[in-house]
Amino acid sequence: MNKILIIEDEIIIAESLRIFLKKNSYEVSISSNVDKAVESLQHESFSGVICDINLQDRMNGIEIIQKFHQLDQHGPVIFLTAYSNPQVMEHAEEVSPYAYILKPFNNQQLLITLNLALKNRENYIQPTQDTSVTEKLSKREVEILQSLATGKTNKVIGKELCISKLTVDTHVKNIKEKLQLNKKGELIRFVLSNRL
């Protein structure tokens, strides 16, 4: 049975979602604040995460996902939020969510999105046998690609590897050219499918 983590500070919404998903054969855990969410992400594994952005706490949902979410451990992320602000949406894109659904939302729409996210993930994590593609990448490029797949921004990757953001941007551009991939989501799927 697929286990889903709901990170949502509005208990009524979280409970309503839990009941609905349980009726549709999902096991559900709820984290209503940052501390619970962090603890859950550190100590449990989930098939997917449904996350609010504004948690009225020291971190927002995007920051939680950016800091603690590991794609191979917790599956795809769906943001469920009232924010339609372009800046917030752009910030959310940096952690490569599967979907961004605005409140008020339709339960059926969310269920279809979740089902598709999990189905697509199953397809992407089948390991490929073609090592010739990964051999094109340098050790540094593989490091950067792995960091991108965990939702880190180019700026954060630069700090961690003690190189400038501009250098990371150049590496990312080279990686995209070598792998013939254009979008961040495609790079993440490449990492998952090749078990990098």
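Analysis parameters
Sequence positions are assigned chain by chain, starting from 1 and proceeding in written order. Local features in a predicted model are, by the rule used here, given only for residues with pLDDT of at least 70; side-chain atom pairs are given and counted only at 80 or more, and totals for whole chains, interfaces and linings are based on all residues. Side-chain metrics rest on all non-hydrogen atoms present in the structure, leaving aside hydrogens and water. Each helix is a run of H or I in the DSSP string that is no shorter than four residues. Each strand is a run of E no shorter than two, and both are numbered from the N terminus. What makes two residues a contact is simply this: any of their non-hydrogen atoms within 4.5 Å. Two strands qualify as a pair provided that DSSP identifies no fewer than 2 bridges between them. Throughout, right-handed denotes a crossover for which the path from the first strand over the helix to the second runs clockwise when the strands point away from the viewer. When a carboxyl oxygen of Asp or Glu lies within 4 Å of a side-chain nitrogen of Lys or Arg, that pair is called a salt bridge. For the exposure calls, accessible area comes from a 1.4 Å probe over protein chains only, and a residue counts as buried if that area is under 20% of its type's maximum, exposed if over 50%, partly exposed in between. Note on patches: the residues involved have over 30% relative accessible area and no salt bridge, like charges join within 9 Å, and the nonpolar side chains Val, Leu, Ile, Met, Phe, Trp and Tyr join within 5 Å. Throughout, the Shrake-Rupley method with a 1.4 Å probe supplies accessible areas, and for residues the shown protein chains are the sole cover considered. What counts as an axis is a line fitted to C-alpha atoms, over the stretch in contact for a helix, and the angles between N-to-C directions run from 0 to 180 degrees. Reported orientations rely on four angle classes, namely roughly parallel under 35 degrees, roughly antiparallel over 145, roughly perpendicular from 65 to 115, and oblique for the rest. We call a crossing left-handed when the near helix sits turned anticlockwise from the far one by less than a right angle, and right-handed when that turn is clockwise. Following the grouping adopted for this structure description, the nonpolar residues are Ala, Val, Leu, Ile, Met, Phe, Trp, Tyr, Cys and Pro, the charged ones are Asp, Glu, Lys and Arg, and the polar ones are all others, Gly among them.

This part covers the side chain of Ser147. Position of Ser147 relative to the elements: it lies in helix H8 (residues 139-149). Once you skip the residues sitting within four places of it in the chain, Ser147 turns out to touch Lys152 and Ile157.

Another point: the side chain of Thr153. Relative to the helices and strands, Thr153 is located in the loop between H8 and helix H9 (154-161). In contact with Thr153, other than residues within four places in its own chain, are Gln66 and Glu94.

Here strand E1 (residues 3-7) pairs with strand E2 (residues 27-31) via five bridges, running parallel. Residue pairing for E2: Ile7 is matched across the bridge by Ser31. Taking the sense of rotation as the criterion, the β-α-β connection linking E1, helix H1 (residues 11-23) and E2 turns out right-handed.

Let us now look at the pattern of salt bridges. Per the stated rule, a full pass over the model turns up ten salt bridges. Across the pair Lys165 and Asp169 runs a salt bridge whose closest N-O atoms are separated by 3.0 Å. Of this pair, Lys165 and Asp169 both sit in helix H10 (residues 165-179), four residues apart, roughly one helical turn. Classification of Asp169 as partly exposed rests on a relative accessible area of 27%. Glu177 is paired through a salt bridge with Lys173; the nearest N and O atoms lie 3.2 Å apart. On the criterion of helical spacing, the pair formed by Glu177 and Lys173 is a turn pair, its members being four residues apart in helix H10. By sharing partners, the salt bridges in this structure join Glu8, Asp52 and Lys103 into a single network.

On the surface, Tyr98, Ile112 and Leu116 cluster together to form a nonpolar patch covering roughly 270 Å² of accessible area. Within the secondary structure, Leu116 is located in helix H6 (residues 107-124).

Further remarks concern the packing of H8 against H9. Where H8 meets H9, the axes come as close as 10 Å, and the angle between the chain directions of the two elements is 130°. With respect to each other, H8 and H9 are oriented oblique. As for how H8 packs across H9, the hand of that crossing is right-handed. Contacts from Arg140, Glu143, Ile144, Ser147 and Leu148 in H8 reach Asn154, Ile157 and Leu161 in H9. For the contact of H8 with H9, the per-class residue count stands at four nonpolar, two polar and two charged.

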